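Here's the letter readout for the chains.
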Amino acid sequence: MVRPMTMPVPPFLHYRDFNGGHIPRTALAFLARFLLSRFRWRIVALVLGTLGGIGLMTLEPLFLRDLVEALRLGDLSDPWTPAVWTPFGLVAGAWVISATFNRVREIIDIHTSPQLRYEVQTCLFSYLIEHSPEYFHRNFAGRLAQKVKQAGQSTAALLSVAFNEMVRVVAVVVIGFFVVGHDHPQFAAVMLGWTIAFVAAAVMLSRRCLALSREFSNQMSASTGTMVDVIGNADVVLSFARAPHECLQVARAVLGERDASIRLRWFLTLMWAVLYTALVLFQIVMIALAVRETVLGRMVVGETVMVVSLSAILFNNIWGLAARMLEFLEELGVLDSALDSILSPHAIVDAAEARRLEVSEGAIGFEHVSFRHLDGNPVFDDLSFRVRPGEKIGLVGPSGAGKSTLVRLIQRHYQPQSGRIVIDGQDIAAVTRLSLNEAVAEVPQQPGLFHRSIAENIGYARLDAGPEAIRAASTQAHCHGFITRRPEGYDSLVGEHGIQLSGGERQRVAIARALLKDSRILILDEATSALDSETEAHIREALWQLFEGRTVIAIAHRLSTISRMDRILYLEGGRILEEGSHDALLALNGRYASLWRHQAGGFLPET
Ligand SMILES: Nc1ncnc2c1ncn2[C@@H]1O[C@H](COP(=O)(O)OP(=O)(O)OP(=O)(O)O)[C@@H](O)[C@H]1O
């Protein structure tokens, strides 16, 4: 059964809808902009929840002081005397309400962190997918997907530390400062000075720790990369009997990871020991000060209890922050690196006043086009030629002549350094990429197939295509037979990059997809190279039907597949050396004719 393409359409954040499409590229600016514009009220609620919880917890030592003093000095003849039970009620109330605030904060967070991760990922992915093909050639797909995931994860972690642990420590210090500082300023001074020194030391140590942590994660990525490379080439490993050799390679990579982990753990253990000792010393100093003041009669017992309780609260919260400081800095680095990779400027963008490409006839023109790849590799220098409306062009030439680059330039996968390419008189650099891509259909050398059903892969050309349209295109491209022989027919999954289909089947699916797209301009890049001669003969007929009324540029190494074309361009070293019909080029007795004569099995020799 042919199943129509299902299209889940939940609302998601497209980068164009965020800050006018200008996304900050540094972590802190990104976080601030994202939270301010998308999560303002949830952040306010989170901060209020945190403040409520920690604020009451920090007031509790004050009530504890009154309770101790009431027990010590009050008239206890009445077991239910309000002098004792009122401060007790306040202590208990502070605990209960503080805990309630904390739970409310957690509930708010349930609806904040996952939503933040969702929006960050969809926003960054929508930006990522608009990069030029060149960008994707230079970056590993798995690495890019990981960067998007990490960015979502990191923003949620940063949000949690910034609006929980950090707010808690600031609140404890400020409230504690006023609670003890009012009557005993020396405690407030010790508390404030020590907190500042401690946080500064924690940041400094964490920064050093970060370098070790980065080294560890680099080693992890390297060993993962080694494993992925070997697993991806498992067939080669098997056929060369190199399993023991590869085990050694992987062991070597994992060994680096082990050593980096040991170094990191040593540093962490020492760092925690230093910080913990500092915290314990702080508590000892605070309690010693309180005991001394009490012995000297400058403080009452209740106040000593208050100082002990307050320093314990401070201890817990500062320890909580210190424990997450490393994570905070690490996530900041991860987010910075993800944003830097993903948000590099798009190499090819629509001009500000770009219009839709209106294709009436399908004429193509190269006007003095010069192009070299990013690595400086020159391909074309001042190339000019025209393709008439509806003309069928065969493109031949030795490997590396620039044939694929030429057709990619028409699709604007690359941008020429000078000159222009026009379609029906319109410069393709001045039209929207969407309208250009709609006007041009391509059957590429390597048909890109998704790990989805065959129906979805064919229907990709027209998302609204019904089962009948998909079946018709598939029949025309000679796919219907091999599809219906599979138990699940059109619902069969094709595997990663279509690995569960043969090379020829993949090409036929790609042809069916191009048939369904029904564009005015058609590009075939070695579209039938993986087909056997019999299937190719059938498909060739289907293709000629498809060519009807369209402008076609077909690249082929097997010259017989393009001999019927209106005109053949012989390309070498980025220049058109010969052009004309098959017969005319044979009569010319030049390079094309020589290739035609030498063609054994229909392929061009390497040059
Ligand atoms: N992304 C790239 N970066 C740098 N150089 C590239 C890139 N893609 C192709 N090239 C180079 O550009 C030149 C033209 O390549 P192109 O793929 O257009 O040749 P072709 O004629 O299609 O070859 P083939 O018949 O082997 O497919 C070659 O020298 C190739 O090495």
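Reading the values: the criteria
- Residues numbered from 1 in each chain as written.
- Predicted model: local features only at pLDDT ≥ 70, side-chain atom pairs only at ≥ 80, totals over all residues.
- Heavy atoms only, no water.
- Core = buried A, V, L, I, M, F, W, Y, C linked by side-chain atoms within 4.5 Å.
- Buried < 20%, exposed > 50% of the residue type's maximum accessible area, 1.4 Å probe, protein only.
- Helix = DSSP H or I, 4+ residues; strand = E, 2+ residues; numbered from the N terminus.
- Contact = heavy atoms within 4.5 Å.
- Domains from an automatic or database assignment.
- Buried area = accessible area lost by both parts, 1.4 Å probe.
- Salt bridge = Lys/Arg side-chain N within 4 Å of Asp/Glu carboxyl O.
- Polar contact = N/O pair within 3.5 Å; in protein donor to acceptor, adjacent residues only side chain to side chain.
- Nonpolar A, V, L, I, M, F, W, Y, C, P; charged D, E, K, R; others polar.
- Phe/Tyr/Trp six-rings, centres within 6.5 Å; stacked < 30°, edge-to-face > 60°.
- Lys NZ or Arg CZ within 6 Å of the ring centre and 35° of its normal.
- Pairing = 2+ DSSP bridges.
- Axes fitted to C-alpha atoms, helices over the stretch in contact; angles between N-to-C directions.

Draft legend 1. Quick look at the nonpolar core. One finds Ile23, Phe30, Phe34, Leu35 and Leu124 to be the most contacted residues of the largest nonpolar core, which totals 72 residues. Looking at this core, the elements that each hand over two or more residues are helix 1 (27-38), helix 2 (40-73), helix 4 (113-128), helix 6 (141-181), helix 7 (185-232), helix 9 (243-295) and helix 10 (301-342). Per element, the largest residue contribution to this core is 18 residues, and it comes from helix 10. Those residues in contact with Phe34 that lie beyond four places of it in its chain are Leu13, Phe18, Phe39, Leu116, Glu119, Val120 and Cys123.

Draft legend 2. Representation of the domain arrangement of the protein chain in the model. We note that the domain assignment places domain 1 (16-342) and domain 2 (364-598) within the protein chain. Both sides of the domain 1 and domain 2 interface together cover about 470 Å² of buried area, and 54% of this is carbon and sulfur. At the junction of domain 1 with domain 2, the criterion picks out 0 salt bridges. Put simply, domain 1 and domain 2 have 1 residue pair in polar contact (both at pLDDT 80 or more) between them. Classifying every residue of the side of domain 1 that touches domain 2 gives 1 nonpolar, 2 polar and 3 charged.

Draft legend 3. Main features of the packing of aromatic side chains. Following the criterion strictly, the structure yields 17 aromatic pairs and no others. Taking 4.3 Å as the distance between ring centres and 20 degrees as the angle between the ring planes, the aromatic pair formed by Trp194 and Phe282 counts as stacked. Of the two residues, Trp194 is situated in helix 7 and Phe282 in helix 9; the sequence distance between them amounts to 88 residues. Joined through ring pairs, the aromatic side chains of Phe18, Phe30, Phe34 and Phe39 make up one cluster. One cation-aromatic arrangement involves Arg452 over Phe450; the distance from NZ or CZ to the ring centre is 4.2 Å.

Draft legend 4. Up close: the sheet that holds strand 5 (residues 426-427). Pairing within the open sheet is antiparallel, and its 4 strands lie in the order 2-1-4-5. Both edges of this open sheet fall to strand 2 (378-387) and strand 5, since each of them pairs with a single strand only. Looking at chain direction, strand 1 (residues 364-372) and strand 4 (residues 418-423) are connected through 5 bridges and run antiparallel. Considered in strand 4, the bridge of Gly365 is made with Val422. With respect to the sheet, helix 11 (residues 403-410) is in contact with strand 1, strand 2 and strand 4, its orientation differing from that of strand 1 by roughly 115 degrees.

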